[in-house]
Each structure stands twice: as C-alpha cells, then as structure tokens.
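Structural overview for review
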Protein chains: 2
Amino acid sequence: MKRIDSTPKNDGFRMPAEYEPQSRVYMLWPERPDNWRDGGKPAQKSFAAVAKAISQFVPVTMGVNQAQYQNARAILDPSIQVVEMSSNDSWIRDCGPTFVKNDATGEIRGVDWEFNAWGGLVDGLYFPWDQDALVAQKVCELAGVDSYKTEGFVLEGGSIHVDGEGTVLTTEMCLLSEGRNPDLSRDEIERILADYLNISKVIWVKDGIDPEETNGHIDDVACFVAPGEVACIYTDDPEDPFYSVAQESYAFLCEQTDAKGRKLKVHKLCMPKKPVTIKGDFAIDSVEGTLPREDGEICIASYMNFLITTGGVIVPQYGDENDALAVEQIQAMFPNHKAVGVMTREVVYGGGNIHCITQQQPA
Amino acid sequence: MKRIDSTPKNDGFRMPAEYEPQSRVYMLWPERPDNWRDGGKPAQKSFAAVAKAISQFVPVTMGVNQAQYQNARAILDPSIQVVEMSSNDSWIRDCGPTFVKNDATGEIRGVDWEFNAWGGLVDGLYFPWDQDALVAQKVCELAGVDSYKTEGFVLEGGSIHVDGEGTVLTTEMCLLSEGRNPDLSRDEIERILADYLNISKVIWVKDGIDPEETNGHIDDVACFVAPGEVACIYTDDPEDPFYSVAQESYAFLCEQTDAKGRKLKVHKLCMPKKPVTIKGDFAIDSVEGTLPREDGEICIASYMNFLITTGGVIVPQYGDENDALAVEQIQAMFPNHKAVGVMTREVVYGGGNIHCITQQQPA
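Let me sum up the structure you'll find in this document.

So, about the relation of the copies chain B and chain A. Mapping chain B onto chain A is achieved by rotating through 180 degrees and translating by 0.0 Å along the same axis, at an RMSD of 0.0 Å. Such a turn and shift between the copies fits a two-fold axis. Of every C-alpha in chain B, the one belonging to Glu84(B) sits nearest the axis of rotation, 2.9 Å from it.

Our focus in this paragraph is the nonpolar core. As a rule of thumb, nonpolar side chains are buried together in soluble globular proteins. One finds Met27(A), Ile54(A), Leu76(A), Met27(B), Ile54(B) and Leu76(B) to be the most contacted residues of the largest nonpolar core, which totals 96 residues. With sequence-adjacent residues up to four places away left out, Met27(A) is seen in contact with Phe47(A), Val50(A), Ala51(A), Ile54(A), Val60(A), Thr61(A), Met62(A), Gly63(A), Ile92(A), Ile357(A) and Thr358(A). Core analysis: the next-biggest nonpolar cluster, separate from the first, contains 49 residues, Ile233(B), Val245(B), Leu253(B) and Phe306(B) among them.

The step from Phe127(A) to Pro128(A) runs through a cis peptide bond, and the omega angle for that step is -5 degrees. The backbone phi angle of Trp118(B) is positive, close to 65 degrees, even though this residue is not glycine. Despite not being glycine, Asn198(B) shows a phi value in the positive range, around 60 degrees. Along the chain, Asn198(B) turns up in the loop between helix H8 (186-197) and strand E9 (201-205). Relative accessible area serves as the criterion here: at 26%, Asn198(B) is assigned to the partly exposed category.

If you walk through the whole model with that rule in mind, you get 38 salt bridges over all chains. Residue Arg73(A) is joined to Glu141(B) by a salt bridge in which the shortest nitrogen-to-oxygen separation is 2.8 Å. Note that Arg73(A) is positioned in helix H3 (residues 69-75) and Glu141(B) in helix H6 (residues 132-143), a pairing that runs across two chains. A relative accessible area of 2% places Glu141(B) in the buried class. We note a salt bridge from Lys149(A) to Asp112(A), for which the minimum N-O separation is 3.2 Å. Taken as a pair, Lys149(A) in strand E6 (residues 147-154) and Asp112(A) in strand E5 (residues 108-114) lie far apart in primary sequence, 37 residues in all. Residue Asp112(A) is classed as buried on the basis of its relative accessible area, which comes to 1%. Connected through shared salt-bridge partners, Glu165(A), Asp258(A), Lys260(A) and Arg262(A) make up one network.

What follows covers the interface of chain B and chain A. The interface is formed by 20 residues belonging to chain B together with 20 residues belonging to chain A. Summing both partners gives a buried area of about 1,900 Å² for chain B against chain A, and 49% of it is carried by carbon and sulfur. It is Tyr69(B), Glu84(B) and Glu141(B) that lose the most area in chain B upon contact with chain A, and together they represent 28% of the buried surface on that side. Salt-bridge contacts for Lys138(B) lead to Glu84(A); the nearest nitrogen and oxygen are separated by 2.6 Å. Inspection of the chain B/chain A interface yields 18 residue pairs in polar contact (both at pLDDT 80 or more). Among the elements of the structure, helix H3 (69-75), strand E3 (81-84) and H6 of chain B are those that each provide at least two residues to the side of chain B that touches chain A. Among the elements that make up the side of chain B that touches chain A, the one with the highest residue count is H6(B) (five residues). When grouped by side-chain class, the residues that make up the side of chain B that touches chain A number nine nonpolar, six polar and five charged.

Residue and element names in this part refer to chain B. The four strands lie next to each other as E3-E2-E1-E16, forming an open sheet whose pairing is mixed. Only two strands of the sheet have a single partner each, and these edge strands are E3 and strand E16 (359-362). Averaged over all neighbouring strand pairs, the angle between strand axes comes to 25 degrees, with direction disregarded. Pairing analysis gives four bridges linking strand E2 (residues 60-64) to E3, with the strands arranged parallel. Following the sheet pairing, Thr-61 is matched in E3 by Gln-81. Along the sheet face, helix H2 (residues 41-55) touches strand E1 (22-28) and E2 and points at about 175 degrees away from the line of E1.

Take the environment of Pro59(B) next. Residues and elements named next belong to chain B. In this structure, Pro-59 sits in the loop between H2 and E2. Judged by relative accessible area, which is 40%, Pro-59 ranks as partly exposed. Remark: the alpha-carbon pair of Pro-59 and Gln-81, spanning 22 residues in sequence, is separated by 7.9 Å. The contacts of Pro-59, once residues within four sequence positions are left out, are Ser-23, Arg-24 and Val-25.

A few words on the pairing of E6(A). Residue and element names in this part refer to chain A. The element E6 is largely enclosed, with a buried count of six among its eight residues. By the bridge criterion, four bridges tie E5 to E6 in an arrangement that is parallel. Note that in E6 the partner of Gly-110 across the bridge is Ser-147.

Right, let's get into the packing of aromatic side chains. Using the criterion set out here, one finds 22 aromatic pairs over all chains in the structure. Counting every residue linked through ring pairs, the aromatic cluster contains Trp36(A), Phe47(A) and Trp91(A). Geometry around Tyr69(B) places Lys138(A) over its ring, the cationic atom sitting 4.8 Å from the centre. The ring of Tyr126(B) carries the charged tip of Arg32(B) above its face, separated from the ring centre by 4.4 Å.

So, on to the pairing of strand E12 (residues 265-269) of chain A. Along any regular strand, the residues point their side chains to alternate faces of the sheet. Residues and elements named next belong to chain A. In this structure, strand E11 (residues 229-233) lies alongside E12, joined through five bridges in parallel fashion. Bridge pairing links Ala-231 to His-267 in E12. Handedness of the crossover is the feature at issue here: the chain leaves E11, passes through helix H9 (residues 243-253), returns alongside E12, and the resulting connection is right-handed.

Looking now at H9(A). Residue and element names in this part refer to chain A. Buried within H9 are the following residues: Val-245, Ala-246, Ser-249, Tyr-250 and Leu-253. When H9 is viewed along its axis, its buried side chains cluster within an angular range of 120 degrees and face the same direction. Taken together, the buried residues of H9 touch strand E8 (167-171), strand E9 (201-205), strand E10 (222-226), E11 and E12.

Quick look at the sheet that holds strand E15 (residues 338-343) of chain A now. All names here are of chain A. Strand order in this open sheet of three strands is E13-E14-E15, and the pairing throughout is mixed. Strands at the two margins of the open sheet, each flanked by one partner only, are strand E13 (307-309) and E15. Pairwise comparison of adjacent strand axes, ignoring direction, gives a mean angle of 25 degrees for this sheet. Bridge count between E13 and strand E14 (residues 312-317): three bridges; the pairing is antiparallel. Bridging across to E14, Leu-307 finds its partner in Ile-314. Strands E13, E14 and E15 of the sheet are contacted by helix H2 (residues 41-55), whose axis makes an angle of about 170 degrees with E15.

The rules behind these values
Residues numbered from 1 in each chain as written. Chains lettered and ligands numbered in written order. Predicted model: local features only at pLDDT ≥ 70, side-chain atom pairs only at ≥ 80, totals over all residues. Heavy atoms only, no water. Least-squares fit on C-alpha atoms with pLDDT ≥ 70 in both. Core = buried A, V, L, I, M, F, W, Y, C linked by side-chain atoms within 4.5 Å. Buried < 20%, exposed > 50% of the residue type's maximum accessible area, 1.4 Å probe, protein only. Contact = heavy atoms within 4.5 Å. Helix = DSSP H or I, 4+ residues; strand = E, 2+ residues; numbered from the N terminus. Salt bridge = Lys/Arg side-chain N within 4 Å of Asp/Glu carboxyl O. Buried area = accessible area lost by both parts, 1.4 Å probe. Polar contact = N/O pair within 3.5 Å; in protein donor to acceptor, adjacent residues only side chain to side chain. Nonpolar A, V, L, I, M, F, W, Y, C, P; charged D, E, K, R; others polar. Pairing = 2+ DSSP bridges. Axes fitted to C-alpha atoms, helices over the stretch in contact; angles between N-to-C directions. Phe/Tyr/Trp six-rings, centres within 6.5 Å; stacked < 30°, edge-to-face > 60°. Lys NZ or Arg CZ within 6 Å of the ring centre and 35° of its normal. Right-handed = clockwise from strand over helix to strand, strands pointing away. Arc of directions from axis to C-beta.

Written out as structure tokens, the structure is:
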C-alpha cells in the first residue's frame, strides 16, 4: 500500500465518529512483564474477553508479537483473527492508525501519526517504542488501505474524539504537553488537526485524569455519543480522586458549541463509587523507567473508556458498586446499541481500558 | 480461525489445480545471510520482481520478518500487501498451507502439513524451523479460513501437483525419503494424500533433480498444465546434469493414466542450454550445517518451477540461451494465459525458484 503525500482534508477524507458504521476492530496482545502483572497472564484473559465481546458486533483482528502467537491463538475465541504484529505494548488506540473516509467514493485511508510513547524522552512511558511506531502502517497494510504520515507531528488516538461533523474534542494537558509538539503553537496544532481529521472546530477541555501516564487523554473524560451530544465523567463526591477534573470538564462542556453551532447536550457518566486500587499479591518485572504497579495504588479507572462499535458499546467494569449504573447510563445514551459490560480491572492495572486497547476501522 | 478435526475429503473439500482461478498469492521475504548471498540483497530484488509480475494478475501478500519490514515495504511495489510474518527462510510453497475448496459452498480451508525443513534431523536443511512451522497457520488466519493439521505427517507443497480431478503427481525420492515419514508405508501415504487432497490416484515419478536439497520435489520435474496434460522437463543432451532424470521422467509419464483413466498427454519443457552456475564474488555467512553456495557450483535450475496464476504463468529466466524457448513452450501449453519471464538467477542461487517461493489461494 502507498504513502500519500497530501492531507485527508485536501483529498476529501474525514475521520468518522466512533458511532458511525465499522467494518473491523484491531487490538494488540499484552505481554510485557514490566507493565502487566504476573507475566501478563491475567491481562491476556481480559483482552480475550474484550475481543470476544466486540466480536459479537464486528470482526476483530488481534496483532501479536512472535513469541506469544501460539498462546494468543489458543486463548482467543476462534472467531478472532490472529496475526503477527510486533509492538512494545498493547495500546493500539494510541499507536494504531486513525482511519479516515471519503464519503463520495467510500474509500478508507489511514493517518499514521508520529508516536513517541506518550512523551518521548521528555516524559514518555517506556523506551524504545520502535515497534509501536510501525503498528499504524502495518494495520493499514492489513486493511489494504493507503496512508498519510504526519512527519514530526506527534498524536495518539486516545487524545481525540470527533463527532464526524467537523468537531474534535481534546485536552490542553495532552496536546499542549512538552513531550508532544513543543515547537507548535495551539493555532498550528489546530491547523494540523483540521488537515488530518478534516474538522473545523477544536473543543479544548483543560485536563485529563492521568497527568502521569497519557498526560490526560480525553478518552477517560468525555466523548461524543451523537452529533451535538457528549458524555462526560461526573461525580458529586469531593473525595473522588478525579472530582475536580470531572466537575470542571462537565461545567466547561455544558457551555460549548460544536462546529455546526449546536450547543452541546452533556450526559453525565458516573465514576466508580470507591477508588479502584491494585489488589493482591503479584509481581511486575523491575525495569528502570517504567511506572511501578503496586498493591493499593489508585488506578485511572473511568467508565468513559468504552468502545462504541456497530450495534454495541463495550463498557469497562471494575467490580464496583456503580458498575451497573454505568452500563445503564451508557445504554440510555445509545438507544440503538446494546451496552455490554466486561470486567477489565486487569486492563486498568496496566494503565488503560477498553478504548485504549482498540482501534476501529470504518465501514 | 478454527482447527478442524476431520479431513478435507470427509468434509467435501479438494485441492484445486494451480490452473483453477485464484484470489491471492502469498510469498515470504528472503533474508537469511547463510543461504542468500550478500545479505540477501540481490535475492530481495528478485523476489520483488516476481511479486510485481504476479501482481499484474492477482493480489500478492508478502510476509516479512520483523527486522526486514521497513526494507521490504520500501523495495516492494506499493500494490503488494506487506505483513509481518516470521519465518526461518522464504519457501512458502513448502511451509505454507495447501488450500482446499468445497465446490458446493465455495468455502476455502487450509491444510497445515507438518514441516521439518526437508528432512528434519535426518537430512533437513537447517535448524530450527520453528517459525516456518507456524507459517501455514498464520497464512490461514490472514486469509480468514479454518484449517486442518496433519499431526505428524510431513509434507511440503512443492512435492505435489494435482489436476483438481482426482490425481496427484509426486516423487518417490521425496515422499518415501527417510527424513519425512519413515514409519509410513507407500500405501499409508497414499491414503493420507487421498484424505487431505481428496484424490484417488497417485502418480509416482521416481526421482527429482535435487536429491541433496528437497530430496527431489516434483515441482522441478513435472506439473499438470490441464486435466489429462502434464509438462515434463526434457533434454537430449547427455551432458546435461539432469539428463537421466529428465529422460526417465518423460518416458514414465508418457505411459501413465490419470484418476479419470485418461492417458496423459506430455509436453516437453526444455532445460537451460548450459548448466546454470553460481557466479561472481560474493559472501555467504558460514554457519555449520547449511549448504554452502560457492562460485562455480551447478544450480538446480529448471524452467519447470513456474507459477500458474489466474491469467498468467510466471516463468524463471536464467540469462541462458534457452530462456526464450522455455517461455515459448510454456506459452503454447497455456493458450489462455500470458507467459511472463522473470530473471530469477538469485532465487535459484538460494535453492529454489518461482514455484517454491509462492503459494496460491483459490478463488
């Protein structure tokens, strides 16, 4: 497949919203023992459960490092396509391509953003990230689509959400961080987003809930659920570790209008009742520079990190009192989808959740 | 995708002939420096030329080891799909799946034969072959088809040719060799071929032309070109290194009938006028146990090692006086195909040719 030396906007392509029809969802298999506890075995079961839940709605492809190929094939449901694909870790939302679509021709292409492990040598989460950096191109080859490379412009898929009608939602904490594109102004970043997503308005939420990890990706805070409508995390509990970000984001979004001039309707999405903490007796390889995962540590657990797919919404569950409420609230936002909860404590222990470990290809 | 615990014959599947319609051709990228001269760089150019020639007729997928991914993507024509796939070397005819088809439903499945590098610990060509052994399953996953595993039964795709109407052509030298299935009798092997290819007659040519390498694969000696018709290598020159095998095979095939009782029509295919020898000043890594490739060494160069694909036949060329004659003879055998010559001296230096480095998926 080819690299296209142009921009999606120039060629009449736009990024569809996640709630538009999809043809496939891609994932990457977790294994690194310095991030996933107990050699990644508990996480692998969770990823398999997520893949199976998605595969009720659309086909799923799992990319796996060479050494884990047979194990992944054995654990995953036979309906999942298992392909070899090297990665440094399993966050395909962030290292995978952002697919764009030309509505006139139906053609799909990929945007292959520069990936630097959430901050590169400034505050990135691991080194090297050489294999992650090739994932977007490899997914485009598998999908049989040409791609655009944003030479030098760093972005992760988890830091943006679009409505498919000209608006992108992101955070200042992430996109203006020192480890991404420190030489670009806010205006320059807006222009690049306009060129590659074909949007005309950027809504800048201030902060995310994980400054130390992704520098505050939007996909733990808010997302579009329909044109003119967003969901936002919300809690009244001042003891909640994410209380202030939730309150501020909700209040901010209630005042915003989208690219078409609509004032946003904002749906509240609950947080876990009690902070989700890492539990149990387990082992993580000690490697200099990676984030420790310790017993009792508070996890970045948001119900917002769901995946919308064709006919279904796959929702994180933590074994928390609010699990059912979260599914119920999300079901109410998506009357034409089936909201399905999947227990993903093991995914959150590794630093993300269902949205972070999936990447959808539009139909 | 699933493993099917049955046999193709039992489920109504048969191996189509190579001249039946195809949907895709798979290849593997060459790199090992103890087999391919000068770090595989000349061979990589040849493989790219073969891939491009095939892609005029059907889509081509190239499987590439992790470290060579970017280089392969840069060298190959953009129309070629490049996917990550580990292998020990690049002979996908032999380690890849044999595809079978159910004519009633149109469903395709794969047969994943046991692979042991052409003789395992008896007289195999390298160790280990662990990644080659996974190629068939990985290709089936890419193709999205279920597969059969012939637990314990060793076979390479280059050791069989079928007419799609009940007949398989093979050699005693290979299938009865000590390094394949020494505990199985000829009758037992025939029964397994019947089960997995859905054939009712085996035509046993005695010898191949490369006893030291593949133990005499049929695909350097003869193949079906149509139901009831085979091509066979032929030379009148007693100085030709493959004179006696060519003479004996031709005489033998002229006396054979196929599964439908038709006496075979045998087309003569010329050999290179002069033995093809390895030429030039080059380097191959010295590794114990691999075959040396030395200046002046006679290569196993047969024009028979062509690939039939939909609408085209891709024919090896050596820079020999008989190159044009070979293309002309093959063109005459395939009046509805376009015979295309590709210079593949570098492929033959590594021990095979176009048929050995390709595997077709039926439409």
